[in-house]
Every structure is written in structure tokens, then in C-alpha cells.
Amino acid sequence: MLFISLDPHAEPLADYLGDFRFYLDFYTNQSPHGLEVRGPQRWRINANWKIGAENFAGDMYHTPHTHTSVVEIGLFREPKAQKRKDGATYWAGKGGGTTYKLPPGTFAERMRYVGYPDEMIARAEQVWTREQQRVVGEDGFMVSAASCFPNLSFVHNWPKVEDGHDVLPFISIRQWQPISHNQTEVCSWFAVDAAAPAEFKQKSYRAYLMCFGSTGMFEQDDVENWVSLTNTAGGTMARRLLLNSRMGLLADDRPVVDPLPAEAFHGPGYAQVGYNEHNQRALLRLWADHLETT
Ligand SMILES: [Fe+2]
């Protein structure tokens, strides 16, 4: 991945990413053999770019409703609202994301649960730090969607690609490139461990195409929401009223659910379970700070 800044005074990338680097590895560093990438698919949507970034950063509560049809056809095994509520959302430095709570088991058993073959699990063990492995193996959380400020997102999911077969994971990297206030060019890449077995690569690519990208069922559900949100945000009522974005906060601004203690979540930053909008607020706060200083 190449990150380019036109600012000669830009801070080093590692400093910019901060603690989010820890989570980036789950998507982009699964093996000593590097990443194989396909794409991008590019298309335009009539939505503001921040809505995609926000959605991937922390919107776990839209899944049971927005993606009901994907669950009904049996593509997705983790449909229950409770599953999303039990997963932790985390925010660390310039990014954050959502996770799913895994059933009890060891690191290897939990990686197998989402569909990784043993040889890929062994490679992940070679490159992930002990703390990264503990998030999966001890805390029992598997990363799902994430966003890095401002407009880079990731998704890791494990649908059922064939009837009667187990789930299989895929990774997508995406960029929300603003065209205007109400139009965004989406770039969507498929990513996989370069050393993965050929059959895994083929099935994982298929899983990605069924779920995300221009043909993806999750993608089409999501964009329906985002276009509606963008239209509504431009209306007279939206100009007159404040948007209530306080999910997960009590009246005195304390969180409804306390952040997970360090022994329950071994990643950096802060994490909590339960429905909330902590990450959406964190992302928009960075955007507001950016506007103020430029
Ligand atoms: Fe979605």
C-alpha cells in the first residue's frame, strides 16, 4: 500500500496511523508472503463520502435491519442483533472498527470458525504479535469493518458461499473518494494472503463479489441507506434540527456501557460492547478538527 501526501511537512505515516497500525495488520499483513490484491472496481454513488467512512468505522447496529435479505437467503451466518451487540467496537488513533464475538476456543479454533485453513492460520501466527493474537484467541473478537481517517475502509467477513458448505472469509479494501458534497467515487479492492491455496483464493474472491463490490449484496443494501441519508441531510428539516448522534451516551455524557478493561481487550485504544455511536463521533471529531486547522 502506498500512502502519499502532498504536504512537505506531513508527519511520518507511522505517527499518523498511531495505534490503528495494530488493527491494519489484521487486513493487510496475514502472512510473511504479503498481500495479493485484485481491482479496484470503481463506481459512483449519490452519497456524501463521510457516510461510507462512518458506516465502516462503527455502524454495527444497521446490520440486522439493512441486511435482512442477505440473511434470509442463507448467505450470512451472523445475523442476530445480539451478535453485533456482543461484538466490541474499538477506536485507536486515526481509525476504528467493529468486531464480532467468537464462540469459545483457542486462536486456531476461532480462526477455523471463520473459515481459515490451518496453513493460513500458521502464517498469521508468524506475523501477528502476541497481543494481536490475544484479541482473537483470548478476548474472542474477530475484526469486521473498519475505517482509517479520513476515507480508507476495510471489511473482513465470512459468508457461506455455497449451499451446505462452511463459511469462508474475504477481505476488501475500499476508498471513498469525494467527487462533490453528494457524490462519491468508490474504489473497492479484493485482498488475500498471496500464499493462500488457489482454491481458497478463488472462493474468497467469489465471497467478496457476492457481498461487496458493485455486484455485492451488502454493498447494494448499504448504498440504498447512504443515498437516502444524503438526500435527507439536504432537506429543510435537517437544516432546522440537530442530528441526535448520542447513541451509547447517558445524559451526562458518561458511556452507557463502560469501556472493556485491558484484560478483556488486548488491542490499543478503547473498546466497548453494546450499541453505540462512539466511533462515528470519533471520526467526525477528527474531521471537524481537520476543518478547523486547515
Ligand atoms: Fe452494511
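Calculation criteria
- Residues numbered from 1 in each chain as written.
- Predicted model: local features only at pLDDT ≥ 70, side-chain atom pairs only at ≥ 80, totals over all residues.
- Heavy atoms only, no water.
- 1 Å grid on protein atoms, 1.4 Å probe; cavity = no way out; pocket = protein on both sides within 12 Å on 5 of 7 lines; lining within 4 Å.
- Points joined across faces, edges and corners; volume = space filled by probe spheres on them.
- Helix = DSSP H or I, 4+ residues; strand = E, 2+ residues; numbered from the N terminus.
- Nonpolar A, V, L, I, M, F, W, Y, C, P; charged D, E, K, R; others polar.
- Buried < 20%, exposed > 50% of the residue type's maximum accessible area, 1.4 Å probe, protein only.
- Contact = heavy atoms within 4.5 Å.
- Axes fitted to C-alpha atoms, helices over the stretch in contact; angles between N-to-C directions.
- Parallel < 35°, antiparallel > 145°, perpendicular 65-115°, else oblique.
- Left-handed = near helix turned anticlockwise from the far one by under 90°.
- Disulfide = S-S within 2.5 Å.
- Pairing = 2+ DSSP bridges.
- Donors = N, O, S within 2.8 Å, 3.2 Å for Na, K, Ca; no water.
- Tetrahedral: all angles 85-135°; square planar, octahedral: opposite > 155°, others 65-115°.
- Core = buried A, V, L, I, M, F, W, Y, C linked by side-chain atoms within 4.5 Å.
- Salt bridge = Lys/Arg side-chain N within 4 Å of Asp/Glu carboxyl O.

An unreviewed UniProt entry annotates the protein as Biphenyl dioxygenase subunit alpha originating from Mycobacterium talmoniae.

Engineer: Any chance you could explain empty space enclosed by the protein here in plain terms?
Structural biologist: Where empty space is left can be seen by rolling a probe of water-molecule size over the atoms. Within the structure shown, the criterion is met by 2 cavities of 30 Å³ or more. In this structure, the largest cavity spans a volume of roughly 160 Å³. In this structure, the largest cavity is lined by 17 residues; those nearest its centre are H62, T63, R84, A145 and F212. Those elements that place two or more of their residues in the lining of the largest cavity are α3 (49-58), β3 (95-101), β4 (141-148), β5 (152-157) and α11 (217-233). Here the lining of the largest cavity is built from residues that sort into 7 nonpolar, 7 polar and 3 charged. Approximately 50 Å³ is the volume found for the second largest cavity. Q30, Y116, M120, P169, F170, I171, A191, V192, D193, F200 and S204 are the residues that line the second largest cavity. Of all the secondary structure elements, the ones that give two or more residues to the lining of the second largest cavity are β6 (170-180), β7 (183-193) and α10 (198-211). With 3 residues, the top contributor of residues to the lining of the second largest cavity is β7.

Engineer: So what exactly am I meant to see when it comes to helix α9 (residues 130-137) here?
Structural biologist: Two residues of an α-helix separated by three or four positions point the same way, owing to the 3.6 residues in each turn. Counting buried residues along α9, 6 of its 8 residues qualify, which places the element largely inside the surrounding structure. Residues of α9 that are buried: Q132, Q133, R134, V135, V136 and G137. Looking at the buried side of α9, the elements it contacts are α2 (20-28), α7 (107-113), α8 (118-127) and β4.

Engineer: What is the right way to look at the packing of α2 against α9 in this model?
Structural biologist: A pair of packed helices can be characterised by two numbers: the angle between their axes and the separation between those axes. Packing of α2 against α9 brings their axes to within 11 Å, and their N-to-C directions diverge by 70°. With respect to α9, the axis of α2 lies roughly perpendicular. The handedness of the crossing between α2 and α9 is right-handed. The residues of α9 that touch α2, namely those facing F22, D25 and F26, are E131, Q132, V135 and V136. Its residues assigned to classes, the contact of α2 with α9 comprises 4 nonpolar, 1 polar and 2 charged.

Engineer: Hey, could you run me through the state of the cysteines in this one?
Structural biologist: Disulfide: a covalent bond formed between the sulfur atoms of two cysteine residues. Inspection of the entire model under this criterion finds 0 disulfides. In this structure C148 is a free cysteine whose sulfur lies 16 Å from that of C187, the closest cysteine sulfur available.

Engineer: What am I meant to see in the side chain of H156 here?
Structural biologist: If you trace the backbone, H156 turns up in strand β5. Under the relative-accessibility criterion, H156 is labelled buried at 2%. If near-sequence neighbours (up to four positions away) are discounted, H156 is found in contact with Y27, Y116, M142, V143, S144, P169, F170 and I171.

Engineer: I tried to follow the pairing of β4 on my own but got confused; where do I start?
Structural biologist: Every other side chain in a regular strand lies on the same face of the sheet, so the side chains alternate between the two faces. Across the 8 residues that make up β4, a large majority, 8, are buried. In this structure, β3 lies alongside β4, joined through 6 bridges in antiparallel fashion. Opposite K101, over in β4, you have F141 as the bridge partner. Between β4 and β5, which pair antiparallel and follow one another directly, the connecting turn spans 3 residues.

Engineer: I would appreciate a short explanation of the coordination of the iron ion in the present structure.
Structural biologist: Metal coordination angles have textbook ideals: 109.5 degrees for a tetrahedral set of four donors and 90 or 180 degrees for an octahedral set of six. Within the protein, the iron ion binds to H62 (NE2), H67 (NE2), D222 (OD) and D222 (OD); these donor distances fall in the range 2.0 to 2.7 Å. Around the iron ion, the 4 donor atoms are arranged such that angles at the metal cover 54 to 141°; this shape is classified as irregular. Counting the intervening residues between successive donors of the iron ion yields the motif H-x4-H-x154-D. As far as the burial class goes, H62 and H67 line up, both buried.

Engineer: Please clarify how the nonpolar core should be interpreted in this entry.
Structural biologist: Generally speaking, nonpolar side chains in soluble globular proteins are found buried as a group. Ranked by size, the top nonpolar core spans 71 residues in total, and within it F26 and M111 carry the most contacts. When near neighbours in sequence (up to four residues on either side) are disregarded, F26 contacts W128, Q132, V135, V136, V143 and I171.

Engineer: I'm lost on the pattern of salt bridges in this one. Help?
Structural biologist: Tallied over the full model, the rule gives 13 salt bridges. The partner of E131 in a salt bridge is R134, and the shortest N-O contact between them spans 3.2 Å. Separated by 3 residues within a single helix, E131 and R134 lie in helix α9, roughly one turn from each other. Where salt bridges share partners, they join E36, R38 and K201 into one cluster.

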